[in-house]
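The lines below spell out each chain.
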Amino acid sequence: MNELIRAIFSARWLSGGTVFLVAWIIGSKAAEGMNLFQWAGALVALAGAIAWAVIEQVWPARRRQTAED
């Protein structure tokens, strides 16, 4: 059970969910109407969320130290 909770809240799932959430918020605000500065801020937020998700996928995991190390 503990592993299931860890898998749900892992950084990979959270980063992917953040991209989805940011895109959803941008889409809902765009439907209401946004000016140029709001679009620029939205694109920066989306780029940051995507960068976090990409970094989380390609960054090598830390090696666990054994008792001998």
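Figured I'd write up the structure that's included with this text. All residue numbers refer to position in the chain's written sequence, counted from 1. pLDDT decides what is reported in this predicted model: residues at 70 or higher carry local features, side-chain atom pairs at 80 or more are listed and counted, and totals for whole chains, interfaces and linings draw on all residues regardless. To get the side-chain values, take all heavy atoms of the structure and skip hydrogens and water.

**Examining helix α3 (residues 36–58)**
Note on conventions: DSSP H or I runs of at least 4 residues are helices, E runs of at least 2 residues are strands, and numbering of each starts at the N terminus. In this analysis, the expected span of each helix is defined as 1.5 Å times one less than the number of residues it contains. Here α3 is 23 residues long and its end C-alpha atoms lie 33 Å apart, about the 33 Å a rise of 1.5 Å per residue gives. Buried, partly exposed and exposed residues are distinguished by accessible area as a fraction of the type maximum, computed with a 1.4 Å probe on protein chains only: under 20%, between the cut-offs, and over 50%, respectively. Along α3, the residues classified as buried are A42, A49 and A53. Only heavy atoms matter for contacts: two residues are in contact if any of them lie within 4.5 Å across the pair. Elements in contact with the buried residues of α3: α2 (11–32).

**A word on α2**
Over its 22 residues, α2 extends 32 Å from the first C-alpha to the last, a length consistent with the 32 Å expected when each residue adds 1.5 Å. All of the buried residues in α2 are S15, V22 and I26. The buried residues of α2 occupy one face: seen down the axis, they fall within an arc of 30°. Every exposed residue of α2 that faces more than 90 degrees away from the buried side is listed here: W13, F20, W24, A31 and E32. Contacts from the buried residues of α2 go to α3. Positive phi appears at G33, one or two residues downstream of α2, with a value of about 110°. Working note: the arc is built from the helix axis to C-beta atom directions.

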